[in-house]
Amino acid sequence: MSEIFTFGETMVSFASPDLFPLRYAKDFRMSFAGSESNFSIGAAKLGHSAKWVSRVGDDEFGAFIRNAVRGEGVDVSGVITDESAPTGCMFKQRSVGETKVFYYRKGSAASFLSPEDMEDSEIGKAKFVYVTGITPLLSESCRASVDHVFISAHRQGVKICFDPNIRMRLWKDGDYTKLLQDYVLRADVVVAGLDEMRLLFGDSTEKEAMDHLFSRGNASYAAIKDGAKGALAGTPGEQVFIAPCPCKCIEPIGAGDAFNAGFLCGILEERSLEECGRMGAFCGASVTQTPGDIEGFPDRKELAALFAGNQDIYR
Ligand code: KDG
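Residues numbered from 1 in each chain as written. Predicted model: local features only at pLDDT ≥ 70, side-chain atom pairs only at ≥ 80, totals over all residues. Heavy atoms only, no water.

A. Summary view of the state of the cysteines. Inspection of the entire model under this criterion finds 0 disulfides. Cys249 provides the cysteine sulfur closest to Cys247, a residue in no disulfide bond, and the two sulfurs are 6.0 Å apart. Here Cys265 stays free of any disulfide, with the sulfur of Cys283 as its closest cysteine sulfur at 7.2 Å. (Disulfide = S-S within 2.5 Å.)

B. The arrangement of the packing of aromatic side chains in detail. Considering all chains together, one arrives at 15 aromatic pairs under this definition. Arranged with centres 6.4 Å apart and planes meeting at 45°, the rings of Phe5 and Phe7 form a pair that is tilted. With respect to class, Phe5 is no different from Phe7; both count as buried. By way of ring pairs, the aromatic residues Phe14, Phe28, Phe61, Phe91 and Tyr104 are connected into one cluster. (Phe/Tyr/Trp six-rings, centres within 6.5 Å; stacked < 30°, edge-to-face > 60°. Buried < 20%, exposed > 50% of the residue type's maximum accessible area, 1.4 Å probe, protein only.)

C. Spotlight on the site of the ligand. The immediate surroundings of the ligand are formed by 14 residues, with Ser35, Tyr103, Arg167, Asp257 and Asp293 found nearest. Of the residues contributing to the shell around the ligand, the split by class is 6 nonpolar, 4 polar and 4 charged. (Near = heavy atom within 4 Å. Nonpolar A, V, L, I, M, F, W, Y, C, P; charged D, E, K, R; others polar.)

D. Region of the structure containing the sheet that holds strand 8 (residues 98-104). Here we have 4 strands laid out as an open sheet, ordered 3-2-7-8, and mixed in their pairing. Either end of the sheet is taken by a strand with one partner, and the two such strands are strand 3 (29-33) and strand 8. Strand-to-strand twist in this sheet, taken as the mean axis angle between neighbours without regard to direction, amounts to 30°. Bridging between strand 2 (residues 11-15) and strand 7 (residues 89-95) involves 4 bridges; their strand directions are parallel. Note on strand 7: the bridge partner recorded for Ser13 is Met90. The sheet strands contacting helix 2 (residues 60-71) are strand 2 and strand 3, and the helix crosses strand 3 at an angle near 70°. (Pairing = 2+ DSSP bridges. Helix = DSSP H or I, 4+ residues; strand = E, 2+ residues; numbered from the N terminus. Axes fitted to C-alpha atoms, helices over the stretch in contact; angles between N-to-C directions. Contact = heavy atoms within 4.5 Å.)

This is the structure we're talking about:
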């Protein structure tokens, strides 16, 4: 039985170490990338159990992803090998000050995820399900899966943590504002960027976003993140500013997933709101110090050092 149930696409990812357009790249570093598997790995490193459900192709990249996520301590027993579609793929192009992402994921195995892949009994055993706004944009069946999980979790008294995780490259064929607004307002824990709350609801400050969530939505916890400027963590009765952790950022991709993992693990451990926020900020800052999405996740020992007063996480 896992404390966290999550599902979504994980792609094989290729990143060039060079700081120039990919047409000039000679070497690539193979890794994997997926918001929900990132989150699960973060939670597992902090000692919590997570089950990640997905579909991968019957190919080498699918085997690589399954092995790698399993190797980080996540339950992958619900990952289906789909013989009729390939594992999705992503390329990262780094240049000074930014990383561009190119997806090759249309028709991928994960885009065939369907409600039948999400077992009610598995959802019912979890304390939280974790859903991102990436999944419902991948296909009709992925959207139906998200809807199914929301309904199943609420029916069984399992809390839902939702991050809109807006990826504009997936918005080319539609406006998903209403769809994501609906998930945000139905979730029990909302973790969102200030820029995302601005886009979805027109909120201009963290406080406005927070007030909005607690007056119109279902949330009992929220964190509104503003990257290196920090975050606001809140419950209906309390709001705490969370200062950013000092770090040397190499690449910010994955920081949001890591913040969410730290924040939700804090909630699972029934810590104070401020401690939950600090766990989120610490995990988020830690992963920015490596070029990949997950390699920098802190473990329990590093977390203990944070609470012992040693906040500097330079490696
Ligand atoms: O949050 C990091 C993710 O964006 C990355 O790992 C890939 O899930 C991904 C996506 O769909 O962009």
